[in-house]
Amino acid sequence: MIPNIKNICCIGAGYVGGPTMSVMADNCPDIIINVVDKNSERIKLWNSSNLELLPIYEPGLDRIIERCRGKNLTFSTDTKEKISSADMIFISVNTPTKKNGIGAGQASDLKWVEACAREVAMFAKGHTIVVEKSTLPVKTAEVIKTILKASQSNYNDAKTFEVLSNPEFLAEGSAIEDLEKPDRVLIGGESADAIIALSNIYKNWVPKDKILHTNIWSSELSKLTANAFLAQRISSINSISALCESTGADIREVSRAIGLDSRIGSKFLDSGPGFGGSCFKKDILNLVYLAKYFGLPEVANFWEGVVNLNNWHQHRISKLIIQKLFGTISGKKICILGFAFKANTNDTRESAAITICKDLLEEGAFLSINDPKVTKKQIEKDLEKISIDNNSNYTCSSDFFDLEGQWVFEKNIYKSAENSDAIVLLTEWAEYSKIDWNIISKKMRKPSWVFDSRSKLSAKDIINNGLLLWKIGDGSDNK
Ligand code: UDX
Ligand code: ADP
């Protein structure tokens, strides 16, 4: 019999759980959706009346929360109660790369997923469909199933479970759009009834032909593979950007030329400072670990190369900044535009900005860091270094030897540029394309450099205002 789902519990109110459940609640007014998280601070923010305080910034999310919260969508820490009333439970918790032990640095740490499975086993009542939403290594469903099955004999009340894999393909910054109009929804599992029950929920807003049914392992592996392929494209184009700079070619022309081949396609061919985000590196390393585990070292090496190239590329950018500034940046002020791993998100996980800023600080630069959405506190955490007080009169000096290896958080781009030797664009926020380079050029110390790692700034304006420009993948100096 196909269960009619009336009550959903999602464990984990993070970047995936929060937006996914919000869009589901918005499209399924007859289903009660309860999102739970053990982090009470995060839940408080999800419930704040000031929508600017939501813990996640995603365009369009605030409007949905306004419509659904308190009606069919709740956020709480009542894990036990919400699990016990649910017909379907989504597991959407974090699965960071393991720091210690077997597989450290590559395998996913499944302790939170396991903890969830145990909680579900303990508190669920009757028949419950458990859906893996977090990105997980292949065969995790097996672990969840084993834990759930073991519980069936532990507790007196009759409990039965089905496990499905339903990976999320949303990208940050466009999460709401991706969820409302997904390219596809993937559901993997063994029970046809459970698969149909979940498909019926998605059918409220997703066309039937975009809902794919697979076996559970294909579903888990497809998610890792999709991320690996996307990341591979970025490493491929970034590798060619270095070659463009050495040969006189231009990466934008190369991207356009190859992207017009319908077999290649034009998306994900923008050369940048290297991919970041919580998924790409983690998922590829997961794939590497799996390949090694199953005795496929050639496969492991192939995919590991994508991550190695990305690391190399990020350090390549810091090295060339140092090189252009006469081989030394100690006592020089460098203004950093953007710290998020991409525009339209406040997420900094694995951001190229972390590696590049750390390299520059290590070399003794004084950094003035600007980002429209990332907080000073977050940058302090990422750089493992506190910011100097930005009320101090640090912009007055013409050199910054006293501030070697330090950084300041600066909300005003023009103040940030004062007396700086270089400006480095790392995140493609729209406001950076509107900078008045005439004003900036009067504020900077000469010779002044602009490093555009996203190829988003107006080269003409920068050069016409007497500034020196380096642009990713632009080999025009070598023509
Ligand atoms: C990614 C996948 O796109 C998504 O399907 C999956 O569910 C989670 O991982 P996300 O990490 O949010 O999403 O960001 P994405 O837009 O894919 O960008 C990842 C990184 O690649 C960013 O640092 C971005 O700046 C970089 N990138 C992307 C490029 O450098 N060039 C491009 O052409 C595209
Ligand atoms: P993702 O990007 O995968 O959504 P996040 O780290 O943003 O990951 O969010 C995962 C959330 O899951 C966190 O807010 C964390 O507190 C929550 N979480 C982890 N384990 C549990 C658990 N056992 N019960 C409830 N919430 C949990």
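Residues numbered from 1 in each chain as written. Chains lettered and ligands numbered in written order. Predicted model: local features only at pLDDT ≥ 70, side-chain atom pairs only at ≥ 80, totals over all residues. Heavy atoms only, no water.

This part takes up the pairing of strand S7 (residues 185–189). The buried count for S7 comes to five of five residues, which makes it a mostly enclosed element. Every second residue of S7 is oriented toward a common face, with Val-185, Ile-187 and Gly-189 on one face and Leu-186 and Gly-188 on the other, all of them buried. Pairing geometry for S7 and strand S8 (residues 211–214), over four bridges, is parallel. Within the sheet, the bridge partner assigned to Gly-188 lies in S8 and is Thr-214. A crossover links S7 with its parallel partner S8, the connecting element being helix H8 (residues 192–202), and its sense is right-handed. (Buried < 20%, exposed > 50% of the residue type's maximum accessible area, 1.4 Å probe, protein only. Helix = DSSP H or I, 4+ residues; strand = E, 2+ residues; numbered from the N terminus. Pairing = 2+ DSSP bridges. Right-handed = clockwise from strand over helix to strand, strands pointing away.)

Moving on: the packing of helix H11 (residues 280–293) against helix H12 (residues 297–324). Closest axis-to-axis distance for the H11/H12 pair is 8 Å, and the angle between their directions is 160°. As summarised for this structure, H11 and H12 are arranged roughly antiparallel, according to the angle between their axes. Taken as a pair, H11 and H12 cross one another with a handedness that is left-handed. Along the contact surface, H11 presents Lys-281, Ile-284, Leu-285, Leu-287, Val-288, Ala-291 and Lys-292, while H12 presents Val-299, Ala-300, Trp-303, Glu-304, Val-306 and Val-307. Considered class by class, the residues forming the contact of H11 with H12 number ten nonpolar, no polar and three charged. (Axes fitted to C-alpha atoms, helices over the stretch in contact; angles between N-to-C directions. Parallel < 35°, antiparallel > 145°, perpendicular 65-115°, else oblique. Left-handed = near helix turned anticlockwise from the far one by under 90°. Contact = heavy atoms within 4.5 Å. Nonpolar A, V, L, I, M, F, W, Y, C, P; charged D, E, K, R; others polar.)

Turning next to the sheet that holds strand S13 (residues 449–452). An order of S11-S10-S9-S12-S13-S14 is seen for the six strands of this open sheet, with the pairing classed as parallel. Each end of this open sheet is capped by a strand with a single partner; those strands are strand S11 (407–409) and strand S14 (468–471). For this sheet, the mean inter-axis angle between neighbouring strands, taken without regard to orientation, is 20°. Examined bridge by bridge, strand S9 (residues 333–337) and strand S10 (residues 366–370) share five bridges and lie parallel to one another. Paired with Cys-335 across the two strands is Ser-368, which belongs to S10. Packed onto the sheet, helix H13 (residues 352–362) meets S9, S10 and S11 and runs at close to 155° relative to S10.

We now examine the site of ligand 1. Close to ligand 1 lie 19 residues, the nearest being Phe-169, Leu-170, Glu-172, Asp-270 and Arg-454. Between an oxygen atom of ligand 1 and a main-chain N or O atom of Leu-170, the distance comes to 2.8 Å. In the model, an oxygen atom of ligand 1 is placed 2.8 Å from a nitrogen or oxygen of the Lys-342 side chain. Contact with the protein chains removes 90% of the 660 Å² of surface that ligand 1 exposes when unbound. When residues of the shell around ligand 1 are assigned to their parent elements, the largest contribution, four residues, is made by helix H9 (residues 216–247). Across the shell around ligand 1, the residue classes break down as eleven nonpolar, two polar and six charged. (Near = heavy atom within 4 Å. Polar contact = N/O pair within 3.5 Å; in protein donor to acceptor, adjacent residues only side chain to side chain. Areas by Shrake-Rupley, 256 points an atom, 1.4 Å probe, with all protein chains shown as cover.)

Tallying each qualifying case throughout the model produces one cavity of 30 Å³ or more. In this structure, the largest cavity encloses a volume near 50 Å³. Within the lining of the largest cavity, the residues separate by chemical class into two nonpolar, four polar and three charged. (1 Å grid on protein atoms, 1.4 Å probe; cavity = no way out; pocket = protein on both sides within 12 Å on 5 of 7 lines; lining within 4 Å. Points joined across faces, edges and corners; volume = space filled by probe spheres on them.)

A word on H11. Across its 14 residues, H11 extends 20 Å between first and last C-alpha, which sits within 8% of the 20 Å expected from 1.5 Å per residue. Summarising burial for H11: ten of the 14 residues are buried, a large majority. As for H11, its buried residues are in contact with H9 and H12. (Expected span 1.5 Å × (residues − 1).)

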